[in-house]
Amino acid sequence: MVPVMPASRKMDAIVVGLGPAGSTGARLLSQAGLSVVGIDRSEFPRFKTCGGGVSARSIPYLPIGWQSVPHEVTTGVCLTYDNHGPVEVDMGMPIAYQFRREEFDHFLLEEARKDGALIVTGVQVEEIGWDGSDFRIATEGGNLYTAPLLLAADGASSQVSRSLLNRTKKPGSFRPRFQRRSSVKHLGKSFPSSEINISGSNPVSPGLVRIDLGFVSGGYGWSFPKSRSGENIGVIGFSKPLTDPLAVLGGFVSRILPGTEGSSTREEPRTWFVPDYQESDRHGKIPGLFFLGDAGGLVDPFLGEGIYYAILSAKKAVSEILKHENHPKAASLSYAGWIRQDLFRDFAQARRLAAVIYRFPGVYFRLVQKYPHVLSLYAAILRGAHDYRSFSRSIGKNLLNLPFRTLLPRFKPNRTF
Ligand SMILES: Cc1cc2nc3c(=O)[nH]c(=O)nc-3n(C[C@H](O)[C@H](O)[C@H](O)COP(=O)(O)OP(=O)(O)OC[C@H]3O[C@@H](n4cnc5c(N)ncnc54)[C@H](O)[C@@H]3O)c2cc1C
């Protein structure tokens, strides 16, 4: 019997992964008149392990109508050091919007569909190849798509990266690999992070983004108010990746919501990974290939903010594609240059900040206690008024003017991990 070959469907662009990065990319390309297929292995709405905090600087890049997605507005930052503090700064204007990712991502996906992208969800990508000019993606069910442009937006464990990047030296033939499931062992160095949604207890810091520097060694714990009277609580280690993030999360929740086990509704806690940008320099290696969002390592290593960079990278990739029409190589190289010159340089500064602040959180907390306006710099980043380089210059100026003796911590954190 002769095997039946699947019919291939020729598109202008393929997008793999339809989180904020992929849906934004698919929507913008469709709006520009390109034929686009977006493929995701999950059916939407789908759960995503995430705090769901979307910074105010992301808002201009969202499609009209985003306000209809349930959310809470946060207008300031509250900093604690275990049982010390809080120090609060309320800016009186939104600094971040708190969504549930299943609702936020579903909205973005439907907007891409409305703008004409062909959306294929709930199917595994079985084969990914590049023949020197076109990408070829085969999905379960026997569909085959080809296109000269591929937007890889398939998250921190990117199957596209694993399938294509070790084959770049011999691009002449299509030799697909079969990888049924993404696996965490492919993640290299990254930062495990756990979070949980809790409802039914009094909000820890209504209207504010709460950051705690005293409980999680080498990182921070957070609490974000969520729509429908709940909150998202999570932990991440940056200068010291957490070895058992679920245990740290359990301890942190008990610390900030003592005695609420019986009176609150708790969803299952989840753990996923924040990619390390330094492990992810996969940009500009294949003409026409663009790694967006987590697939490109685009999460800042100080706050762990990734949704903004997911959306921003999609916008930038599409603008390079349109600028370099019919020249996928020039578009990919220009996009890669932007990532290295702009984002990665800023992430390098974020990493330096993380190295100092998360190693000496007591000193930093004392600084903030004495000079609470330092906290407004967080808000300035989330609002887009500062990047990490200007943030650091501003903090540096504050530090140089201080009597250092007064910043030495006078208390010990009550850590159990
Ligand atoms: C615990 C935790 C909390 C976080 N909190 C925040 C926060 O509050 N604010 C913030 O800005 N960032 C936060 N982040 C980071 C943020 O979640 C990510 O940076 C963001 O989701 C990246 O978006 P993306 O579109 O690149 O990828 P994702 O949102 O991961 O989307 C990838 C999509 O690709 C699909 N996919 C994966 N593999 C395949 C495949 N082989 N074939 C087809 N489809 C595939 C997945 O189903 C998914 O829909 C957090 C991360 C963690 C782990």
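K.L.:
Help me understand the overall build of the chain in this model?
P.N.:
Looking only at helices and strands, the chain has 9 helices and 20 strands in total. The 417 residues of the chain split such that 56% are buried. Taking the intrachain contacts of the chain between residues at least 6 apart in sequence as the baseline, contacts between residues at least 24 apart amount to 74%. On the chain, roughly 17,500 Å² of surface is accessible, and the fraction owed to carbon and sulfur atoms is 53%.

K.L.:
Would you mind going over the packing of helix α1 (residues 20-31) against helix α2 (residues 101-114) with me for this structure?
P.N.:
Across the interface, α1 lies against α2 with an axial gap of 8 Å and an inter-helix angle of 20°. Considering their axes alone, α1 and α2 lie roughly parallel with respect to each other. Of the two possible hands of crossing, α1 and α2 adopt the one that is left-handed. The residues of α2 that touch α1, namely those facing P20, S23, A26 and R27, are R101, F104, D105, L108, L109, E111 and A112. Each residue belonging to the contact of α1 with α2 can be placed in one class, and the counts come to 6 nonpolar, 1 polar and 4 charged.

K.L.:
Whenever I open this one, the nonpolar core confuses me. Can you help?
P.N.:
If you look at soluble globular proteins, the nonpolar side chains tend to sit buried side by side. Grouped together as the largest cluster of nonpolar side chains are 76 residues, with contacts concentrated most on L213, Y220, F290, L292, F302 and Y364. Here this core takes 12 residues from helix α6 (residues 328-357), the largest share from any one element. Ignoring sequence-local partners within four residues, the contact set of Y364 consists of L79, L213, I357, V374, Y378 and I395.

K.L.:
What is the right way to look at the site of the ligand in this model?
P.N.:
Of all residues adjacent to the ligand, which total 38 residues, the nearest are D40, G53, R101, Q159 and D294. A21 is positioned such that a nitrogen or oxygen atom in its backbone is 3.0 Å from an oxygen atom of the ligand. The backbone of G52 places a nitrogen or oxygen atom 3.3 Å from an oxygen atom of the ligand. Here the ligand has 1,000 Å² of accessible area as a free molecule, and 95% of this is covered by the chains. When contributions to the shell around the ligand are tallied by element, the ones reaching two or more residues are α1, β3 (36-40), β14 (190-199), β16 (219-226), β19 (270-275) and α5 (307-323). In terms of residue class, the shell around the ligand is built from 16 nonpolar, 13 polar and 9 charged.

K.L.:
Can you help me understand unusual backbone geometry in this one?
P.N.:
Glycine aside, the phi torsion of most residues is negative, and most peptide linkages are trans. With omega at -5°, the peptide bond leading from F44 into P45 counts as cis. Inspection of the secondary structure puts P45 in the loop between β3 and β4 (53-55). The residue after G85, namely P86, is reached through a cis peptide bond having omega 5°. Along the chain, the position of P86 falls in strand β7 (residues 84-90). Located in the positive-phi region is D82, a residue other than glycine, with phi close to 55°. For D82, the position within the fold is in the loop between β6 (76-81) and β7. With phi around 65°, N326 is a residue other than glycine that occupies positive phi space. Within the fold, N326 resides in the loop between α5 and α6. With relative accessibility at 68%, the residue N326 sits in the exposed group.

K.L.:
Explain α6 here, please?
P.N.:
Residue pairs spaced three or four apart in an α-helix point in one direction, given the helix's 3.6 residues per turn. Spanning 30 residues, α6 covers 41 Å between terminal C-alpha atoms, matching the ideal 44 Å at 1.5 Å per step. Bending of α6 peaks at approximately 35° at the position of F344.

K.L.:
Sorry if this is basic, but what is going on with the side chain of R100 here?
P.N.:
Mapped onto the secondary structure, R100 falls in the loop between β8 (96-99) and α2. Among the residues examined, R100 registers a relative accessible area of 11% and is labelled buried. In this structure R100 touches N197, K226, S227, R228 and E267, once residues within four positions along its chain are discounted.

K.L.:
So what exactly am I meant to see when it comes to the sheet that holds strand β12 (residues 143-147) here?
P.N.:
Pairing is mixed in the open sheet, where 4 strands are placed in the order β1-β12-β11-β10. On the outer flanks of this sheet lie β1 (8-10) and β10 (125-130), each paired with one strand and no other. On average, each strand axis in the sheet is inclined to that of its neighbour by 20°, with strand direction left out of account. Pairing of strand β11 (residues 135-139) with β12, which is carried by 5 bridges, proceeds in the antiparallel orientation. Across the sheet, A138 pairs through a bridge with L144, a residue of β12.

K.L.:
Before we go on, may I ask you to explain the pairing of β6 in this structure?
P.N.:
Looking along a regular strand, one sees side chains alternate from face to face of the sheet. Of all 6 residues that make up β6, 6 are buried, and the element is covered over most of its length. Across the two faces of β6 the burial is the same, with G76, C78 and T80 and V77, L79 and Y81 all buried. Pairing between β6 and β7: 5 bridges, direction antiparallel. Within β7, the position partnered with G76 by the bridge is D90. Linkage of β6 to β7, two consecutive antiparallel strands, is achieved through a turn of 2 residues, within which D82 is found at a positive phi near 55°. By the bridge criterion, 5 bridges tie β6 to strand β15 (residues 208-212) in an arrangement that is parallel. When the bridges of β15 are listed, L79 appears paired with I211.

Reading the values: rules and limits
In every chain, residue numbers begin from 1 and rise along the written sequence. A pLDDT threshold of at least 70 governs which residues receive local features in this predicted model, and a stricter bar of 80 or more applies before side-chain atom pairs are shown or counted, although totals over entire chains, interfaces and linings include all residues. Side-chain numbers here rest on the full set of heavy atoms in the structure, without hydrogens or water. Each helix is a run of DSSP H or I of at least 4 residues and each strand a run of E of at least 2, with the numbering of both proceeding from the N terminus. Throughout this description, buried means an accessible area under 20% of the type-specific maximum (1.4 Å probe, protein chains only), exposed means over 50%, and partly exposed covers the range between. Here, residues are in contact when the closest pair of their heavy atoms is within 4.5 Å. For accessible areas, the Shrake-Rupley method is used with a probe of radius 1.4 Å. Any residue's cover is judged against the shown protein chains and nothing else. Axis definition: a line fitted to C-alpha atoms, over the contacting stretch in the case of helices. Angles run 0 to 180 degrees between N-to-C directions. Each angle receives one of four descriptions, namely roughly parallel if under 35 degrees, roughly antiparallel if over 145, roughly perpendicular if within 65 to 115, and oblique otherwise. In this scheme, a crossing is called left-handed if the near helix is turned counterclockwise away from the far one by less than a right angle; it is called right-handed if the turn is clockwise. Residues were grouped as follows: Ala, Val, Leu, Ile, Met, Phe, Trp, Tyr, Cys and Pro as nonpolar; Asp, Glu, Lys and Arg as charged; and all remaining residues, including Gly, as polar. Here the nonpolar core consists of buried residues drawn from Ala, Val, Leu, Ile, Met, Phe, Trp, Tyr and Cys, with membership extended through side-chain atoms lying within 4.5 Å. Any residue with a heavy atom lying within 4 Å of a molecule or strand is counted as near it. The definition of a polar contact used here is a pair of N or O atoms within 3.5 Å, where within protein one atom must be able to donate a hydrogen and the other to accept one, and adjacent residues in sequence count solely through side-chain atom pairs. Multiplying 1.5 Å by the residue count of a helix minus one yields the expected span of that helix. One axis fitted to the seven residues ending at a residue, another fitted to the seven starting there: the angle between these axes is the bend at that residue. Here a strand pair is declared whenever DSSP counts at least two bridges between the two strands.

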